[in-house]
Amino acid sequence: MAKNYYEILGVSKTATEEELKSAFRKLARQYHPDLHPGDEAAANKFKEVNEAYETLNDPQKRAEYDAAQAGGSSQFGGGQGGGGARGQGAGGSFFDEFVNMFGNDPHHGAHGGPGDISLNVTLSFEEAAYGTQKEITVNRFEHCAACRGTGAKNGTQFVKCTNCGGSGKVRYAQETPFGRVVSMKPCNVCGGSGRIIKEPCTSCGGRGSLRKNSNLRITFPPGVEHNQIMTIPGEGERTRSGSKAGNLILNITVLPHKLFRRKGLDLLVDIPVAFTQALMGDKVLVPTLKGNKIAFSLPEGAQSGMTFKLKEQGLENPKKQLKGDLLVTIDIELPKNLTKEQRQKIKELHESLKPEQYDKARDFLKK
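Presented here is a report on the structure given in the accompanying data block.

So, on to helix α2 (residues 17–31). In this model, α2 (15 residues) spans 21 Å end to end at C-alpha, consistent with the 21 Å of a helix rising 1.5 Å per residue. Within α2, the full set of buried residues consists of Leu20, Ala23, Phe24, Leu27 and Ala28. In a view along the axis of α2, the buried residues occupy a sector of 125°, so they form one face of it. What points out from α2, more than 90 degrees from its buried face, is the exposed set Glu18 and Lys26.

Tracing the sequence through the fold places Lys3 in the segment before α1 (5–9). For Lys3, a relative accessible area of 25% translates into the label partly exposed. Between the alpha carbons of Lys3 and Glu48 there is a distance of 9.3 Å; along the sequence they are 45 residues apart.

Turning our eyes to something else, we now look at the sheet that holds strand β9 (residues 248–254). Overall, mixed pairing links the three strands, which are arranged β1-β9-β8 in an open sheet. Unpaired on one side and paired on the other, β1 (117–123) and β8 (229–232) mark the two borders of the sheet. The mean angle between the axes of side-by-side strands here comes to 30°, regardless of whether they run parallel or antiparallel. In the sheet, β1 pairs with β9 via seven bridges, with the strands oriented parallel. Directly across from Asn120, in β9, lies its bridge partner Asn251.

What follows is about the layout of surface pockets. Of the voids in this model, the largest pocket is the one considered here, and its volume is about 850 Å³. Put simply, the parts of the chain that give the lining of the largest pocket at least two residues each are α8 (275–280), α9 (340–352) and α10 (359–366). Tallied by class, residues from the lining of the largest pocket come to 12 nonpolar, four polar and three charged.

Right, let's get into the sheet that holds strand β17 (residues 326–333). With mixed pairing, the four strands of this open sheet are ordered in space as β10-β11-β17-β14. In this open sheet, the two edge strands, each paired with only one partner strand, are β10 (260–263) and β14 (307–310). Pairs of neighbouring strands in the sheet enclose a mean axial angle of 30°, with direction left out of account.

Take the nonpolar core next. Ranked by internal contacts, the top residues of the largest apolar core, which has 21 residues, are Ile271, Val286, Phe296, Leu298, Leu326 and Val328. Put simply, the parts of the chain that give this core at least two residues each are α7 (125–130), β11 (266–274), β12 (282–287), β13 (293–298), β14 and β17. Ranked by the residues each element gives to this core, the list is headed by β11, at four residues. Discounting chain neighbours no more than four positions away, the residues touching Val328 are Val269, Ile271, Val286, Phe296, Met306, Thr307, Phe308 and Leu310. Counting residues in each nonpolar core, the second largest holds 17 residues, with Tyr5, Ala15, Ala23 and Phe24 among its members.

Calculation rules
Residues numbered from 1 in each chain as written. Predicted model: local features only at pLDDT ≥ 70, side-chain atom pairs only at ≥ 80, totals over all residues. Heavy atoms only, no water. Helix = DSSP H or I, 4+ residues; strand = E, 2+ residues; numbered from the N terminus. Expected span 1.5 Å × (residues − 1). Buried < 20%, exposed > 50% of the residue type's maximum accessible area, 1.4 Å probe, protein only. Arc of directions from axis to C-beta. Pairing = 2+ DSSP bridges. Axes fitted to C-alpha atoms, helices over the stretch in contact; angles between N-to-C directions. 1 Å grid on protein atoms, 1.4 Å probe; cavity = no way out; pocket = protein on both sides within 12 Å on 5 of 7 lines; lining within 4 Å. Points joined across faces, edges and corners; volume = space filled by probe spheres on them. Nonpolar A, V, L, I, M, F, W, Y, C, P; charged D, E, K, R; others polar. Core = buried A, V, L, I, M, F, W, Y, C linked by side-chain atoms within 4.5 Å. Contact = heavy atoms within 4.5 Å.

Laid out in structure tokens, this is it:
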């Protein structure tokens, strides 16, 4: 039974190009393999979404698909509509742009393109706030030095593929109910490299690359957020064909702090204050993320839950020359284990206070 590409993308049959693009972007983010490592169901759904988008976003393919659907044909739905023309239709450039934001290049096996590498990196709260440098180890394929990445012994023991003329691609035609369709595919003789190796390199076995650990020093800018994704261009897998290397995708985890929370450039902290300090007002010392303490004046009659802003005591964005604030929320604490003398003094204080001195109680009684 033919697949319903409109249902897969969740759009109507009259969906515009922008609606298709928006639906694809949302679903591709949801099911991208880099966000669901080892989840075969998500990977299959991602392929299905890509197949549907590549078909419907190409006006000619969409017209053929709609005609096939109206006529009850099974021409589409078995992987022919989008899979056979992957990267060639109108949606190819947008799809390429999208996957570069994440990780694995869907063209990697079939077209010999570069592959992205995804790694998880953990930063402390302070490292993310102020920026840091970390050395990370990446296990990846590097060009074989012995054959200069060609896969051929001494880097020269190869000849041009006669099947594709050295281009790595061949034209093929397919008869369909709507006419003859001609497209390109990787050469099955040379595997898309355009070369035939006469004598393989003994160091890499003809692969042109060797897997090894590489140490990279990565700079994390100030203000990195939890779950943020950083892309380091050109630090992914190297390829024998000499095409551009893949990217290194860093999935960042920021550890929570014992005291502070973040909201953009602002730092948030809750501090306990004695009820006597809130009652009469006092100078209160507030810790900062850098370890020192600053004093601010707690006004007389402060209430629990009040938040006070200490300007420009938060995080800084050097590029935009912006500084956040430190937002201090007070939590009034009542004493325990009162002595008899303390109880008597508090009782006398309570009896001396007038009802109108309690704003909330007064408003409550009025209601």
